[in-house]
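Remarks on the overall topology
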Amino acid sequence: MGLSKARAHTNIALIKYWGKANQKLILPATSSISMTLAAFYTDTQVEFDDSLAADSFTLDGELQSAKAAARVSAFVDLVRERAGMHTFAHIASVNHVPTAAGLASSASAFAALAVAASDAAGLKLTPTELSRLARRGSGSASRSIFGDMVIWHRGTDDKSSYAEPLAMNPQLDLRMIAVVVDDMPKSIGSRVGMQRTVATSPYFPAWVTANEAAAREMQTALTAGDMPTVGALTERSAMMMHASTMAANPPFTYLQPVSLALFNFAAELRATGLQVYATADAGPNVKLLTTAQDAAAVLQQVQAKFNVKAVMSGPGPAARIID
Ligand code: PMV
């Protein structure tokens, strides 16, 4: 028992997770596949301290309200339960996401917290156990335990729903460009958005069937090093996810006109011979999947055409203890 510090990188899904089969355990309705990013990460330190009467949580140096700390505390409770302890902790997180990159940080946040809190509590968890634990904080965090390309198997219970590294053809040297069209906090969080889609969208069952098939096709394409298929499946999974929210009741969408303009621009760039494919998550920002060879040209073209910030990243490493 003591003090531990961990670093976890964020990830962007090529095959999306959208919708839960079990809310409490965060079991997803579909499997998902993501790329961990080198450029964006969270550092979290956890120190259990017998003199504390409650957990304290600081984010980027600022003490957070009891309400903001509640989700973090509930997660640390899972660790305490497992370690058979009752001690409260100081939790301090710093997000290293370039200013206004507009990337969700819950994946890197809960992956770093899972690694730091379990280590500080003296638990020796395997990467699979860490992935299952991180999943309970935020579904996408299960994937940030691992580096490079990762698959999260949807599973059927707590034990079978975990992420693991996905082998891919070394000829695929992928890059991701995060295009910032809006850095406002999202209006409908992913938790609520998913719930509404599951409960009311007539497209939801179709999404589950089609996305599960896309996950299998993606594995074949990644093994083959087939970039056009990897890219096409990436765009399609994103579009299917967003279509499912548009058919919810009441309907909603995370995409703005400029988001769609970027999807169209990716198609225009492909027509000139560049390998670039668009994806978007629970917000209007677009991420462009491209290759090491084409990344600089894509970045330059996007910035020439749109008045936006864009940040490029290569694949990043697994979550780990630092210091
Ligand atoms: O883990 P959450 O609850 O932040 O959900 C993330 C869902 C998406 O980012 C929209 C898709 C994904 O697979 O990451």
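Within the secondary structure layout, R80 lies in helix α1 (residues 66–83). From its side chain, R80 meets the backbone oxygen of T87 in a polar contact 3.1 Å long. Once residues lying within four places of it in the same chain are set aside, the contact partners of R80 are F48, D55, S73, M85, H86, T87, F88 and A89.

Residues in close proximity to the ligand total 14 residues, the closest being Y17, S138, S140, R143 and S190. Within the side chain of S106, a nitrogen or oxygen atom sits 3.3 Å from an oxygen atom of the ligand. Here an oxygen atom of the ligand and a side-chain polar atom of R143 are 2.8 Å apart. Burial of the ligand by the protein chains amounts to 91% of its free accessible area of 380 Å².

This part is about the pattern of salt bridges. Counted by the stated rule, this structure contains 12 salt bridges. Across the pair R80 and D55 runs a salt bridge whose closest N-O atoms are separated by 2.8 Å. Placement of the pair is R80 in helix α1 and D55 in the loop between β4 (32–48) and β5 (56–59), with a sequence separation of 25 residues. What makes R80 buried here is its relative accessible area of 4%. Ionic pairing is found between R175 and D173, a salt bridge with its closest N-O pair at 3.0 Å. Taking relative accessible area as the criterion, D173 reaches 38% and is therefore assigned partly exposed. The structure contains a network of salt bridges with shared partners spanning K16, D281 and K287.

Let's shift gears to the sheet that holds strand β12 (residues 286–291). Ordered by their spatial adjacency, four strands build an open sheet running β11-β12-β10-β13, and the pairing between neighbours is antiparallel. A single partner strand is all that each edge strand has here, and the edge strands are β11 (276–280) and β13 (309–313). Along the sheet, successive strands turn relative to each other by an average axial angle of 25 degrees, direction set aside. With five bridges joining them, strand β10 (residues 174–180) and β13 adopt antiparallel strand pairing.

Where helix α7 (residues 257–271) contacts helix α8 (residues 295–305), the axes come no closer than 11 Å and their chain directions differ by 130 degrees. Classed by the angle they form, the pair α7 and α8 counts as oblique. Once α7 is placed against α8, the crossing between them reads as right-handed. Listed contacts from α8 to L262, F265, E268 and L269 of α7 are V298, Q301, V302 and K305. Across the contact of α7 with α8, the residue classes tally to five nonpolar, one polar and two charged.

Our next topic: α8. The complete set of buried residues in α8 reads A295, V298, L299 and V302. Buried residues of α8, seen end-on, are gathered within an arc of 100 degrees and therefore sit on one face of the element. Exposed residues lying more than 90 degrees from the buried face of α8 are A296, Q300, A304 and K305. Those residues of α8 that are buried lie in contact with β10, α7, β11, β12 and β13.

In this chain, N249 is followed by P250 through a cis amide linkage whose omega measures -5 degrees. Mapped onto the elements, P250 comes out in the loop between α6 (227–246) and α7. The backbone of D60 shows a phi angle near 50 degrees, a positive value even though the residue is not glycine. One non-glycine residue with positive phi stands out, namely D323, at about 65 degrees.

Here α6 crosses α7 at 160 degrees, and the two axes come no closer than 13 Å. Taken together, the axis directions place α6 and α7 in an arrangement best described as roughly antiparallel. The two elements α6 and α7 cross, and the hand of that crossing is left-handed. In this structure, α6 contributes E235, A238 and M239 to the contact, and α7 contributes L260, F263, A266 and R270. Taken together, the residues of the contact of α6 with α7 sort by class into five nonpolar, no polar and two charged.

Counted by the stated rule, this structure contains five aromatic pairs. With a centroid separation of 4.8 Å and an interplanar angle of 70 degrees, the aromatic rings of Y17 and W152 are classed as edge-to-face. With Y17 in the loop between β1 (3–15) and β2 (20–22) and W152 in strand β8 (residues 149–152), this residue pair connects regions lying 135 residues apart in the sequence. Side by side, Y17 and W152 carry an identical accessibility label, which is buried. On the numbers, 5.5 Å between centres and 90 degrees between planes, the contact of F252 with Y254 is edge-to-face. Given a relative accessible area of 7%, Y254 falls into the buried group. Following the ring pairs from residue to residue traces out a cluster consisting of W18, F252 and Y254.

So, how was this worked out
Residues numbered from 1 in each chain as written. Predicted model: local features only at pLDDT ≥ 70, side-chain atom pairs only at ≥ 80, totals over all residues. Heavy atoms only, no water. Helix = DSSP H or I, 4+ residues; strand = E, 2+ residues; numbered from the N terminus. Polar contact = N/O pair within 3.5 Å; in protein donor to acceptor, adjacent residues only side chain to side chain. Contact = heavy atoms within 4.5 Å. Near = heavy atom within 4 Å. Areas by Shrake-Rupley, 256 points an atom, 1.4 Å probe, with all protein chains shown as cover. Salt bridge = Lys/Arg side-chain N within 4 Å of Asp/Glu carboxyl O. Buried < 20%, exposed > 50% of the residue type's maximum accessible area, 1.4 Å probe, protein only. Pairing = 2+ DSSP bridges. Axes fitted to C-alpha atoms, helices over the stretch in contact; angles between N-to-C directions. Parallel < 35°, antiparallel > 145°, perpendicular 65-115°, else oblique. Left-handed = near helix turned anticlockwise from the far one by under 90°. Nonpolar A, V, L, I, M, F, W, Y, C, P; charged D, E, K, R; others polar. Arc of directions from axis to C-beta. Phe/Tyr/Trp six-rings, centres within 6.5 Å; stacked < 30°, edge-to-face > 60°.

So yeah, pure geometry; function would need other evidence.
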